[in-house]
Amino acid sequence: MVRGPCRGAVLLSIVLLAGCALGPAAPAPVPEPAPPPPSPWAEADRRGVEAPEDAARSVASLAAYLTEGLPAEEMRVRAIFRWMTAHIRYDVEGFRSADYGDLSPDAVLHRRSAVCEGYSGLFESLVKAAGFEVAVVSGYAKGVGYVAGTPVDATLHHAWNAVKVREEWKLLDCTWGAGALNERGEYVSGFDPFYFFTPPEEFIYSHFPNDPRWQLLPEPVTRQAFEALPMLKAAFFTCGLVPVGSLAGHLEEEGPVVLLPVLIPGGVSAKAAVLRGEEPVGEGFFELSRGPSGGEMRVLFPAPGTYTVRVFGAPGDGAPLLDWAADLLVTVRRGSEGKTFEQMKATAPGKGGRKS
């Protein structure tokens, strides 16, 4: 994802001295890229990931081990969060069968697998044992099975946590921080730090609590407004994409070309795919242009109708791997008659072709 340093051209200096030709001059040494700054959570993360098994004999013993000697409240909560994400595996079979088993904190601590209620319940117990005020928050989340632009229902029930740190409530989701189901329904473990102390204004795009006070927003949104929001995933925020204006989840446009209301800052790679249902309509229906204020994405729709535009992004220019960042629902009244951007340009006036 990070490109290597660019090497300049080597200047070949041929110098004749005492009848002997010297070889090419050695290239100037290329400085090594500066190492990334150390993570402020490094000690807490190490404590959570490397905790010995004998420390997890009970909720009380584990909370004591994870937080001992960490002076900052944020660090103590982080160590518990990191232990949860490293040591509790999502119960895929329980999720599919709705047979979740015993989700009490002691049972989850012993079994080391759970669905969201088990994650949030054990985290609550550990954080309480460490002396913090904490809550389990229940509601809906735009997770597995959600389709952009559709209402949320009971199949999207979810649970996460809020914890009070330095007299301020913070939001986090141990379940989503530990891993995710891929497109084949397989669970893939992988720490996602985005879901630790997520800003409320970003969390609301994916999580809707039953109790509006746990939105932690100055003005809570309604369920209808939540459903109307686009599906923005962690990668949208972590790679630096910026919504333009009031970003709606369902755009209604004339077409066939639509400028997406998403700004791409310099140093960020992005692309989009146009889908009918879950099937891509093909290549050539996306263009990225760069300007002084940032990049813009234009998408082309082959026919009138409703489409999903899937946005991908990653930090770094020319990043080889892009993460799924967002889904937008777009309805257009006109299409390109199946033509791609290149085909439309080839037949545009002034290009030697006929006007389409």
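Residues numbered from 1 in each chain as written. Predicted model: local features only at pLDDT ≥ 70, side-chain atom pairs only at ≥ 80, totals over all residues. Heavy atoms only, no water.

**Observations concerning the overall build of the protein chain**
Here is step 1 of the chain: Across its full length, the protein chain holds eleven helices and 20 strands.
Here is step 2 of the chain: Out of the 356 residues in the protein chain, the part that is buried amounts to 42%.
Here is step 3 of the chain: The long-range share in the protein chain, meaning contacts at least 24 apart out of those at least 6 apart in sequence, stands at 62%.
Here is step 4 of the chain: Carbon and sulfur atoms make up 56% of the accessible area of the protein chain, which amounts to about 18900 Å² in all. (Helix = DSSP H or I, 4+ residues; strand = E, 2+ residues; numbered from the N terminus. Buried < 20%, exposed > 50% of the residue type's maximum accessible area, 1.4 Å probe, protein only. Contact = heavy atoms within 4.5 Å. Areas by Shrake-Rupley, 256 points an atom, 1.4 Å probe, with all protein chains shown as cover.)

**Re the confidence of the model for the protein chain**
Keep in mind that low pLDDT regions are not for reading the predicted coordinates in detail.
Here is step 1 of the chain: When pLDDT is averaged across the protein chain, the result is 86; 87% of the residues are at 70 or more.
Here is step 2 of the chain: Note that residues 1-28 has pLDDT below 50 and, in this model, 20 contacts with residues that lie over four places away or in other chains.
Here is step 3 of the chain: The low-confidence segment residues 351-356, where pLDDT is below 50, has eleven contacts with residues more than four positions distant or belonging to other chains. (pLDDT = per-residue confidence, 0-100.)

**What to know about the sheet that holds strand β17 (residues 286-291)**
Here is step 1 of the chain: In spatial order, the strands read β12-β14-β18-β17; together these four strands make up an open sheet with antiparallel pairing. Every interior strand has two partners, whereas the edge strands, β12 (242-243) and β17, have only one.
Here is step 2 of the chain: Here strand β14 (residues 257-264) pairs with strand β18 (residues 294-300) via five bridges, running antiparallel. When the bridges of β18 are listed, Leu263 appears paired with Glu296. (Pairing = 2+ DSSP bridges.)

**Some words on the sheet that holds strand β6 (residues 157-165)**
Here is step 1 of the chain: With respect to topology, four strands assemble into an open sheet ordered β7-β6-β5-β10, the strand pairing being antiparallel. Only two strands of the sheet have a single partner each, and these edge strands are β7 (168-172) and β10 (207-209). Across this sheet, the average inter-strand angle for adjacent strands is 45°, counted without regard to direction.
Here is step 2 of the chain: Bridge analysis of β6 against β7 gives five bridges, and the strand direction is antiparallel. Looking at the pairing, Ala162 lines up with Leu171 of β7.
Here is step 3 of the chain: Across the face of the sheet, helix α3 (residues 73-87) comes into contact with β6 and β7 while running at roughly 155° to β6.
Here is step 4 of the chain: On top of the sheet, helix α6 (residues 116-129) reaches β5 (134-141), β6 and β7; it is set at about 15° to β6, its chief contact. (Axes fitted to C-alpha atoms, helices over the stretch in contact; angles between N-to-C directions.)

**Things to note about helix α1 (residues 42-49)**
Since the α-helix turns once every 3.6 residues, residues separated by three or four places project in the same direction.
Here is step 1 of the chain: Residues of α1 that are buried include every one of Ala44, Asp45, Arg47 and Gly48, and no others. Seen end-on, α1 carries its buried residues on one side only, within an arc spanning 160°.
Here is step 2 of the chain: Those residues of α1 hidden inside the fold are in contact with α2 (59-67) and α3. (Arc of directions from axis to C-beta.)

**What to know about the packing of aromatic side chains**
Here is step 1 of the chain: In total, this model carries 16 aromatic pairs according to the counting rule given.
Here is step 2 of the chain: Ring centres of Trp169 and Trp214 lie 4.9 Å apart, and the angle between their planes is 75°; on these two criteria the pair is classed as edge-to-face. Here Trp169, found in strand β7, pairs with Trp214, found in the loop between β10 and α9 (223-228); they are 45 residues apart in sequence, far enough to count as distant.
Here is step 3 of the chain: Assessed through its relative accessible area of 23%, Trp169 is described here as partly exposed.
Here is step 4 of the chain: Given the relative accessible area of 10%, Trp214 is considered buried.
Here is step 5 of the chain: Linked through ring pairs, Trp176, Phe194, Tyr195, Tyr205, Phe236 and Phe237 together constitute an aromatic cluster.
Here is step 6 of the chain: Its end group placed over the ring of Phe196, Arg78 keeps NZ or CZ at 5.0 Å from the ring centre.
Here is step 7 of the chain: Sitting above the plane of the Tyr307 ring, Arg276 keeps its charged end 4.3 Å from the centroid. (Phe/Tyr/Trp six-rings, centres within 6.5 Å; stacked < 30°, edge-to-face > 60°. Lys NZ or Arg CZ within 6 Å of the ring centre and 35° of its normal.)

**Structural notes on the layout of surface pockets**
Here is step 1 of the chain: In this structure, the second largest pocket spans a volume of roughly 200 Å³.
Here is step 2 of the chain: Lining the second largest pocket, in full, are Lys271, Ala272, Ala273, Val274, Pro280, Gly282, Glu283, Gly284, Phe285 and Phe286.
Here is step 3 of the chain: Sorting elements by how many residues they give to the lining of the second largest pocket places strand β15 (residues 268-276) first, with four residues.
Here is step 4 of the chain: Grouping the amino acids of the lining of the second largest pocket by side-chain chemistry returns six nonpolar, two polar and two charged. (1 Å grid on protein atoms, 1.4 Å probe; cavity = no way out; pocket = protein on both sides within 12 Å on 5 of 7 lines; lining within 4 Å. Points joined across faces, edges and corners; volume = space filled by probe spheres on them. Nonpolar A, V, L, I, M, F, W, Y, C, P; charged D, E, K, R; others polar.)

**Remarks on the pairing of strand β19 (residues 305-315)**
Here is step 1 of the chain: Of all eleven residues that make up β19, nine are buried, and the element is covered over most of its length.
Here is step 2 of the chain: Summarising the sheet, β15 and β19 pair through eight bridges and their orientation is antiparallel. Counted as the bridge partner of Ser269 is Ala314 from β19.
Here is step 3 of the chain: Sheet topology note: the β19/strand β20 (residues 323-332) ladder contains nine bridges and is antiparallel. Counted as the bridge partner of Thr306 is Thr331 from β20.

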